[in-house]
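The primary structure of each chain is shown beneath.
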Amino acid sequence: MKPFRLLTILTLTSFLAACQAGFMRALKVPYGLSAYQKTTLSYGADAAQKMDVYRPSAARFRDQKLPIIVFFFGGSWRSGKRAWYEFFAAHYALKGYVVAVPDYRKAPDFIFPSFMEDAAASVAYAAKNLSADNKHLFVMGHSAGAHMGALLLLDPHYLQAQNIAPSDIKGFIGLSGPYDFLPMTDPLVVAVFKGDANLAASQPIHFASSGAAAAPPMLLIHGQDDGLVFPKNSLNLGAQINASGGHAKVVVLAKTGHVKTLFQAGRGMTWLAPEVDVRVLEFLQRN
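Each chain has its residues counted from 1, following the order in which its sequence is written. In keeping with the predicted nature of the model, local features appear solely for residues at pLDDT of at least 70, side-chain atom pairs appear and are counted solely at 80 or more, and the whole-chain, interface and lining totals rest on all residues. Only hydrogens and water are removed before side-chain values are computed, so all heavy atoms of the structure are retained for them.

Q: Account for unusual backbone geometry, with residues named and values stated.
A: In the segment running from Ala-107 into Pro-108, the intervening peptide bond is cis, with an omega of 5 degrees. The omega angle of the peptide bond from Phe-112 to Pro-113 is 10 degrees, so this bond is cis rather than trans. Helix and strand assignments follow DSSP, with helices taken as H or I runs no shorter than four residues and strands as E runs no shorter than two, numbered in order from the N terminus. Relative to the helices and strands, Pro-113 is located in the loop between β4 (98–102) and α4 (114–129). A positive phi angle, near 65 degrees, is found at Asp-63, a position not held by glycine. With respect to the element layout, Asp-63 can be found in the loop between β2 (50–56) and β3 (68–72). The residue Ser-176 is not glycine, and still its phi comes out positive at about 55 degrees. Structurally, Ser-176 can be placed in the loop between β6 (171–175) and α7 (187–192). Here's how the labels work: a residue is buried when its accessible area is under 20% of the maximum for its type, exposed when over 50%, partly exposed in between, all with a 1.4 Å probe on protein chains only. Accessibility expressed as a relative area gives 0% for Ser-176, which makes it buried.

Q: Give a detailed account of the pattern of salt bridges, specifying residues and quantitative values.
A: What counts as a salt bridge is simple: a side-chain nitrogen of Lys or Arg found within 4 Å of a carboxyl oxygen of Asp or Glu. Applying the stated criterion to the full structure yields nine salt bridges. Asp-52 is paired through a salt bridge with Arg-82; the nearest N and O atoms lie 3.1 Å apart. In this pair, Asp-52 is assigned in strand β2 and Arg-82 in the loop between β3 and α3 (86–93), connecting sequence segments 30 residues apart. You can call Asp-52 buried: its relative accessible area is 2%. The salt bridge involving Asp-103 is made with Lys-106; its shortest N-O contact spans 2.4 Å. The exposure class assigned to Lys-106 is buried, which follows from its relative accessible area of 15%. Among the ionic contacts, a cluster of salt bridges with common partners joins Lys-38, Asp-52, Arg-82, Glu-86, Asp-103 and Lys-106.

Q: Got a sec to walk through the pairing of β2? Specific residues and values, please.
A: With five of its seven residues buried, β2 lies for the most part within the structure. By the convention used here, strands pair only if DSSP detects at least 2 bridges between them. Judged from the seven bridges that link them, strand β1 (residues 36–42) and β2 form a sheet pairing that is antiparallel. Residue pairing across strands places Lys-38 opposite Tyr-54, the latter belonging to β2. In the sheet, β2 pairs with β4 via four bridges, with the strands oriented antiparallel. Its bridge partner lying in β4, Asp-52 is registered against Val-101.

Rendered as C-alpha cells:
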C-alpha cells in the first residue's frame, strides 16, 4: 500500500476514535489562500448564527452569478464547527460554486427544532443575499447535516416561515444521512429531540408522502459499510419520495463507510470515494 494511502487510512481511524477536531483542522487550507476567497457573514443575532462563504478567485469566474451550495455539516446535532469544513467548501469553490457553510445552534443548549430554524434562516439568507439569481441554489449535507437538509425540504413550514418554498431550491444532496431512525435508542439523540424517542416530526421520511411533489430533486448517497447511519435511511427515503411523486436518486457505494462520503472532497483524497465526487458534480450540473 502506498504510504500516503496508509497515512490517510490511519488518519480516518483517528477520526473515528474521536480525534475529529484535530483532523478537521489539519484539512483546513488545502489549496492555498489565493485559490478562493472566504468571508464570514451573520444570518442571525445569535453567536452561532454565522456562515463562512467561499468564492473561487479564478479570473474566469469573476463577475459571474455562480450557483450556490449551502452545506450543513454533521456532528449528531451536538458538535462541529464551520471552520473544520474549509477543505470541503474549497473543493467545490474551485469548481465554480459559491459555497456557504453555516454554523447553527446545537444541543444540549438548544434542542429540536432550533437547529432546523437556523437551517431555514441560513438558506433564506443565502437565497436573498449571495446572488441576484436564486434559481441556482442547492442544499447539501453530511450525516446530521443531511438530515437537516432533507427535513427542511420535505417539511415546508420551516422555509415558509422565511418566505421561501422548497421549490425555490434546485436540488438536494444528502451524504450518509439519517432520515428514518425511529425509535431512537441513543439517550443523547433522544435528548436532542425533546426526549421523545418516537417523535415523528423529527423524521424526513414522515413528510415524504406529503412533501415529495413540491421538493426539489434529491441525490442520496450512502456507504454500504456505514455502521453509524445504516443505508436503509437513504433507501427508505428515496423509495418513499419516488412513490409519492417526487424524484430521488439513491446511490449505495460498496466498501464505503460513514466518513468516506464526506472526504471525497479534499486535496489528494478523492481516491477514497471517487464515485461520490463524480455523482455530485453530475447532479449539480444537470440541475
